[in-house]
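Coordinate analysis (summary)
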Amino acid sequence: MLPDGLGQLTRPFGTAPVDAGVGALSLLTTQRRITAQSRFGIPAVAHEECLAGFAAWGATAYPVPLSWGASFDPELVERMAERIGADMRSVGVHQGLAPVLDVVRDARWGRVEETIGEDPYLVATVGSAYVRGLESSGIVATLKHFVGYSASRAGRNLAPVSIGQRELADVLLPPFEMAVREGGARSVMNSYTDLDGVPSAADRRLLTELLRDEWGFDGTVVADYFAIAFLKLLHGTAGTWAEAAGAALSAGIDVELPTVKTFGEPLRRAVEAGVVDVALVDRALRRVLAQKLELGLLDADFDAVPPALRDADLDLEAVRGSIDLDSADNRALARELAERSVVLVRNDGTLPLALGAAGPQRVAVIGPNADERYAMLGCYSFPTHVVSQHPGVELGIDIATVLDAVRTEFASASVTHALGTGIDDGATDGIAAAVEAAAAADVAIVVLGDRAGLFGRGTSGEGCDADDLALPGAQQQLLDAVLDSGTPVVLVLLSGRPYALGSAVRRAAAIVQAFFPGEEGAAAIAGVLSGRVEPSGRLPVSIPAH
């Protein structure tokens, strides 16, 4: 591809576990090759995911967006985004594929964890704060998914959207409009879905007439991964790759992601044959070049060496381990946001649990998420997204489990642990032992919820839509059995969506909800249990009654 130019680089850090210094050196080397071997010598825009932190090995895993919503603290979210952007910029990244501004009303949808909540104003306010933070660090923020993705029929990923114009205008569009008009976002990503039969990737009314002509957006529109190809493969509105490319360009998409599928040879031939107007290519090109100009990529003295390597010996072994993407300041900010986002849903006075001799002397910590580090992380955290697919590779960051944190917080108590059941395996053979552990304790902390993953690997995340809002697997059965033990039960939920909890809403002594609270989440939860942290989170989504 290099002789004809290469416009963008897809996730140079985010597709495999790579040391940050090595990754930065690799990106630097790639940029130098692009400028040296292409006709125009123009560097590429490097983009990365940053939904809950920079999606790179060893980078801080912050709480997921649903926790941002629970914090009701735009200023704190803006600070977090600024920190994320600074880390990305330091290693040579230019664009971040966040935030998700989809307003979610059907919690069966797998990507609820990626959203900020069900209220348009909350999503708009918190989302715009994230945009301001990311942009202030020099990173191009990308609003997604424009628009309607979360309103798909039956909460199914990629399903059609049938929504009235009033609901579209009142519920789904306001967060995007605020982030464009007030947040300063420089990029927008289309939705995979169709609105009333028109795929978003080919919707000129949406991507040009509304976004640009009415709202005044002058940045770039990038395709969600493979969305242009989906015009042929999924929607069936294009018969060829060239038709798909022409439809997307005409609608207003400027950049095909993640790689060249339709905007390459099929588009070149279509332009030469006069099937696609070359003016559409020129229009997209001008927008991309204008953004590269803003980023300094067209400067005569452009230097591909990123800030983190400016004073380094540019040698592989010299840079390995030289860049810290999970600094103490980052962790402190992750902890602050985690503490702000924990929601105390119910409390009959059992919480806070006193420490020392005045508190419980025997604590049973029960459930599939009690001793699971991944329970703190959402689908787009780097460990879940990538490391989980590389057996034997370390997470890259330190994460405590709830069991770890309870043992630390209640150091003088005897803490026992019982699994009870798995997240979604339906196993019941461990329930009796869990009940026995609860019966022998002064208080039982039952830790339930989700496992984040991609396309069926989890119970929450992209492609992990739910049939209903009952707890996955046999978790409700475990919960009911422990409630029957007679021991006061504190239910802790680590999840990506709200769940119906059956009789626990009346019988549990307390209910604590945390939406994938990140690497510092366990300590935040333990702090709420002991009273060290005053719970201030508020629900960004409704818990179903049944």
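1. Focus on the nonpolar core
Soluble globular proteins tend to bury their nonpolar side chains together. Formed by 114 residues in total, the largest nonpolar core has its most connected members in F54, M80, I84, Y130, L143, F146 and V147. Dropping the residues within four chain positions of it, Y130 is found in contact with C50, W68, V77, M80, A81, I84, A98 and P99.

2. Examining unusual backbone geometry
Across the junction of K144 and H145, the peptide omega takes the value 5 degrees, indicating a cis bond. By the element assignment, H145 lies in strand β4 (residues 140–146). Omega for the peptide link from L351 to P352 comes to 0 degrees, which places this bond in the cis form. Looking at the element boundaries, P352 is found in the loop between β9 (343–347) and β10 (362–366). The phi torsion at R11 lies on the positive side, around 45 degrees, for a residue other than glycine.

3. Concerning the packing of aromatic side chains
One pass over the full model with this rule turns up eight aromatic pairs. Ring centres of W68 and Y130 lie 4.7 Å apart, and the angle between their planes is 10 degrees; on these two criteria the pair is classed as stacked. With W68 in helix α2 (residues 65–71) and Y130 in helix α4 (residues 120–136), this residue pair connects regions lying 62 residues apart in the sequence. The exposure classification of W68 matches that of Y130, with both residues buried. Geometrically, the ring pair formed by Y149 and Y192 is edge-to-face, given 5.9 Å between the ring centres and 80 degrees between the ring planes. One end of the pair, Y149, is in the loop between β4 and α5 (165–172); the other, Y192, is in the loop between β5 (187–190) and β6 (194–195), and 43 residues separate them in sequence.

4. Concerning the sheet that holds strand β14 (residues 510–515)
If you walk across this open sheet you meet the six strands as β9-β14-β13-β12-β10-β11, and the pairing is mixed. For this open sheet the edge positions go to β9 and β11 (414–418), each flanked by a neighbour on one side alone. Averaged over all neighbouring strand pairs, the angle between strand axes comes to 20 degrees, with direction disregarded. Here strand β13 (residues 489–495) runs beside β14; their pairing, made up of six bridges, is parallel. Bridged to V490 within β14 is A510. Sheet contacts for helix α15 (residues 402–409): β10, β11, β12 (443–449) and β13; angle to β11, the most-contacted strand, approximately 170 degrees. With respect to the sheet, helix α19 (residues 521–530) is in contact with β12, β13 and β14, its orientation differing from that of β13 by roughly 155 degrees.

5. Here's the deal with the pattern of salt bridges
What the rule picks out here adds up to 30 salt bridges. Between E49 and K144 there is a salt bridge whose closest N-O contact spans 3.1 Å. Here K144 lies in strand β4 and E49 lies in the loop between β2 (45–48) and α2, a separation of 95 residues in the sequence. No difference in accessibility class separates E49 from K144, as the two residues are buried. Close ionic contact of R331 with D326 constitutes a salt bridge, the shortest N to O distance being 2.8 Å. According to the relative accessible area criterion, R331 is buried, its value standing at 17%.

6. Considering the sheet that holds strand β8 (residues 220–222)
An order of β1-β2-β3-β4-β5-β8 is seen for the six strands of this open sheet, with the pairing classed as parallel. The two strands at the open ends of the sheet, each matched to only one other strand, are β1 (8–10) and β8. Taken together, the three bridges between β1 and β2 define a ladder with parallel strand orientation. If you follow T10 over to β2, its bridge partner there is H47.

7. A word on the pairing of β4
With seven of its seven residues buried, β4 lies for the most part within the structure. This β-α-β element, strand β3 (residues 95–96) to α4 to β4, shows right-handed connectivity. Bridge count between β4 and β5: three bridges; the pairing is parallel. Looking at β5, one finds that T142 is bridged to S187.

8. Some words on helix α7 (residues 204–214)
Of the positions making up α7, those classed as buried are L206, L207, T208, L210, L211 and R212. Of the residues flanking the start of α7, the one acting as N-cap is D203, its side-chain oxygen 3.2 Å from the backbone nitrogen of R205. Trailing α7 by a residue or two, G216 shows a phi angle of about 80 degrees, which is positive.

Basis of the calculations
Residues numbered from 1 in each chain as written. Predicted model: local features only at pLDDT ≥ 70, side-chain atom pairs only at ≥ 80, totals over all residues. Heavy atoms only, no water. Core = buried A, V, L, I, M, F, W, Y, C linked by side-chain atoms within 4.5 Å. Buried < 20%, exposed > 50% of the residue type's maximum accessible area, 1.4 Å probe, protein only. Contact = heavy atoms within 4.5 Å. Helix = DSSP H or I, 4+ residues; strand = E, 2+ residues; numbered from the N terminus. Phe/Tyr/Trp six-rings, centres within 6.5 Å; stacked < 30°, edge-to-face > 60°. Pairing = 2+ DSSP bridges. Axes fitted to C-alpha atoms, helices over the stretch in contact; angles between N-to-C directions. Salt bridge = Lys/Arg side-chain N within 4 Å of Asp/Glu carboxyl O. Right-handed = clockwise from strand over helix to strand, strands pointing away. Polar contact = N/O pair within 3.5 Å; in protein donor to acceptor, adjacent residues only side chain to side chain.

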